[in-house]
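Given next are the chains, with one letter for each unit.
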There are 2 protein chains.
Amino acid sequence: MRKTKGFEDGKENPEKKEASSTPRDVFSEGTAMIPKNSYELRIIQSLRRIIRAIEIHSRKLAQKHQITGPQLGCLLALLEEGPLLGTHLAKKVYLSPSTVVGIIDRLEEKGLVARERSPSDRRQVQVSISEAGRQIAANAPSPLQDRLSEALKNLPELEQVSITLALEKVVDLMEAGRIDASPVLETGPIGL
Amino acid sequence: MRKTKGFEDGKENPEKKEASSTPRDVFSEGTAMIPKNSYELRIIQSLRRIIRAIEIHSRKLAQKHQITGPQLGCLLALLEEGPLLGTHLAKKVYLSPSTVVGIIDRLEEKGLVARERSPSDRRQVQVSISEAGRQIAANAPSPLQDRLSEALKNLPELEQVSITLALEKVVDLMEAGRIDASPVLETGPIGL
DNA sequence: TTAGAAACATTCGTGTACGAATGTTTCTAA
DNA sequence: TTAGAAACATTCGTACACGAATGTTTCTAA
């Protein structure tokens, strides 16, 4: 797709009711004058901004340390858990197994991890971190922005707790339905 | 890549020190016994789980309503803002312009939006929602899980506030450095 | 023992997501 | 006026990310 670049001055859309054509400074509310369901909207926007910040941070990591956020996440999991099956690694980092395959592919190409088919059960593949991987994992910064990581530490504990609990509350609410990826599930009905 | 599926019982990696080969129930801590920087780790994990939940919800939307989360987000923005330039839409939904191009492509294919090159300034392309798009946008559920959306409304306001502020605090900390995508930036130094 | 279920890893198809590069068009200053 | 900057949309290349489908291998019950 995207090959139809030949669209010129189209005139076949009579949509144009509200918001009179003039784009007038579209941005005038930001985090302030929220219209309807205030909190929900603010939460949605915050989540989107957080996701974006994480993504952007990942690209910076890739430039400076030759490793992306998800890759680093997997590497750290392997570092502290020892060799893992693909499935287990996936659960550990809250990704689907199919996603992890690709990440491991790239880590393997870079020689940071190794795959080894289990002799006892040949369905399984053990993924283990290499010495090079250990180096990288040990020296790379937090998978979270250094800034956040740093700022977090300097926040009064009360606020750290508040943020942590708020996020976990959101997780609970979101995963309430299903999401099998959660290890064991021992968080209880909702707690807080 | 991923063509080298011919790896059998590799034996060329002498890594295997800690975590004696036995995978022993890898998951035994969950949200409880966190080792080091407790809060940071819990925050990272929560964020990852939230992102995953959003992604999964998006796929459900796609199945039931023929529209994904990001697509719905753009549609809603157009619904309440009227026609927008690609750039402006991108800022509105906190995505990069290049990402928005693809989303608009797919919405356009489905006839939910239309592109129109501005006659006055031919660099610009106005994106406007179609009648069909208006229908979908009006009937589709929240881009957030219904469950969360619902649960949120039933939470004591104090908690809604607490969650909202916590998320916005995280946003502040994360975006502290740069991230131009934020419209106008009127949030102040950090507030809270 | 043997057919089918179950557990695994992987592939496939699709849709984000981003920055860098590209191509137009418009603006701006010499 | 005209060369270069700036504003736009878009393409390109790469990496996630997921579910469904596939292929092996192992388990399990008839």
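In short, a report on the structure. Bear in mind that the values here come from a model prediction, so they are computed numbers and not experimental data. (Residues numbered from 1 in each chain as written. Chains lettered and ligands numbered in written order. Predicted model: local features only at pLDDT ≥ 70, side-chain atom pairs only at ≥ 80, totals over all residues. Heavy atoms only, no water.)

1. A few points about the packing of helix H2 (residues 69-81) of chain A against helix H5 (residues 131-139) of chain A
When two helices pack together, their arrangement is given by the angle between the helix axes and the distance between those axes. Residue and element names in this part refer to chain A. The condition is simple: To obtain each axis, a line is fitted to C-alpha atoms, and for helices this fit is confined to the stretch in contact; angles are then taken between N-to-C directions over 0 to 180 degrees. The helix and strand labels rest on DSSP assignments: H or I over at least four residues marks a helix, E over at least two residues marks a strand, and numbering proceeds from the N terminus. Convention used here: angles under 35 degrees read as roughly parallel, angles over 145 as roughly antiparallel, angles from 65 to 115 as roughly perpendicular, and any remaining angle as oblique. What makes two residues a contact is simply this: any of their non-hydrogen atoms within 4.5 Å. Under this grouping Gly is polar, as are all residues other than the nonpolar Ala, Val, Leu, Ile, Met, Phe, Trp, Tyr, Cys and Pro and the charged Asp, Glu, Lys and Arg.
Look at H2 against H5: their axes get within 10 Å of each other, and the N-to-C directions meet at 110°. Considering their axes alone, H2 and H5 lie roughly perpendicular with respect to each other. For the pair formed by H2 and H5, the contact residues are Leu-72, Leu-75, Leu-76 and Leu-79 on the first element and Gly-133, Arg-134, Ile-136 and Ala-137 on the second. When grouped by side-chain class, the residues that make up the contact of H2 with H5 number six nonpolar, one polar and one charged.

2. Brief notes about the sheet that holds strand E1 (residues 84-85) of chain A
Neighbouring strands of a sheet are bound in pairs by backbone hydrogen bonds; such pairs are parallel or else antiparallel. Residues and elements named next belong to chain A. For clarity, the threshold we go by: In this description, strands pair whenever DSSP reports at least two bridges between them.
Judged by pairing direction, the sheet is antiparallel, and its three strands sit side by side in the order E1-E3-E2 without closing on themselves. Two strands close off the open sheet at either side, each with one partner strand: E1 and strand E2 (113-117). In the sheet, E1 pairs with strand E3 (residues 125-129) via two bridges, with the strands oriented antiparallel. By the bridge assignment for E3, Leu-84 is matched with Val-127. The strands touched by H2 are E1, E2 and E3; relative to E3, the strand with the most contacts, the crossing angle is about 90°. Strands E2 and E3 of the sheet are contacted by helix H4 (residues 97-109), whose axis makes an angle of about 115° with E2.

3. Section: the nonpolar core
We count it as follows: Grouping buried Ala, Val, Leu, Ile, Met, Phe, Trp, Tyr and Cys residues that are joined through side-chain atoms within 4.5 Å yields what is termed a nonpolar core. Each residue is assigned to one of three classes by its accessible area relative to the maximum for its type, calculated with a 1.4 Å probe on protein chains only: buried under 20%, partly exposed between the two thresholds, exposed over 50%.
Grouped together as the largest cluster of nonpolar side chains are 30 residues, with contacts concentrated most on Ile163(A), Met174(A), Ile163(B) and Met174(B). Among the secondary structure elements, those contributing two or more residues to this core are helix H1 (38-65), helix H6 (146-154) and helix H7 (157-175) of chain A together with helix H1 (38-65), helix H6 (146-154) and helix H7 (157-175) of chain B. Setting aside its immediate chain neighbours within four residues, Ile163(A) contacts Leu152(A), Leu155(A), Ile43(B), Ala166(B), Lys169(B) and Val170(B).

4. Section: the pattern of salt bridges
Our working definition: Whenever Lys or Arg places a side-chain nitrogen within 4 Å of a carboxyl oxygen from Asp or Glu, that contact is recorded as a salt bridge.
Taken as a whole, this structure holds 18 salt bridges over all chains when the rule is applied. Residue Arg42(A) pairs with Glu168(B) through a salt bridge whose shortest N-O separation is 2.8 Å. A residue pair is termed interchain when its members come from two chains, as with Arg42(A) in helix H1 and Glu168(B) in helix H7. Judged by relative accessible area, which is 14%, Glu168(B) ranks as buried. Ionic pairing is found between Asp105(A) and Arg115(A), a salt bridge with its closest N-O pair at 3.0 Å. Linking Asp105(A) in helix H4 with Arg115(A) in strand E2, this pair joins segments that are ten residues apart in sequence. Of the two residues, Asp105(A) and Arg115(A), both sit in the buried class. Each of the salt bridges in this network shares a partner with another, and the network as a whole consists of Asp105(A), Glu108(A) and Arg115(A).

5. A closer look at the environment of Leu165(A)
Residue and element names in this part refer to chain A. With respect to the helices and strands, Leu-165 occurs in helix H7. Leu-165 gets classed as partly exposed once you look at its relative accessible area, which sits at 33%. A sequence separation of 42 residues divides Leu-165 from Arg-123, and the C-alpha atoms of the two residues are 39 Å apart.

6. Some words on the sheet that holds strand E1 (residues 84-85) of chain B
All names here are of chain B. Strands sit in the order E1-E3-E2 across an open sheet of three strands; the sheet is antiparallel. Each edge of the open sheet carries a strand with a single partner, namely E1 and strand E2 (113-117). As defined by bridge partners, E2 adjoins strand E3 (residues 125-129) across five bridges and the pair is classed as antiparallel. Bridged to Val-113 within E3 is Ile-129. Most of the contacts of helix H2 (residues 69-81) go to E3, to which it runs at about 90°, and overall it touches E1, E2 and E3. This element, helix H4 (residues 97-109), spans E2 and E3 of the sheet and lies at about 115° to E2.

7. Some points on the side chain of Ser46(B)
Checked against the element boundaries, Ser46(B) lands in helix H1. Excluding anything up to four places from it in sequence, Ser46(B) contacts Leu167(A), Glu168(A) and Val171(A).

8. Quick notes on H2(B)
Residues and elements named next belong to chain B. Quick reminder of the rule: Residue count minus one, scaled by 1.5 Å, sets the expected span of a helix.
An ideal rise of 1.5 Å per residue puts 18 Å on 13 residues; H2 measures up with 18 Å between its terminal C-alpha atoms. Restricting attention to buried positions, one finds in H2 the residues Gly-69, Gln-71, Leu-72, Cys-74, Leu-75, Ala-77, Leu-78 and Glu-81. Gly-82, located one to two residues past H2, shows a positive phi value of around 80°.

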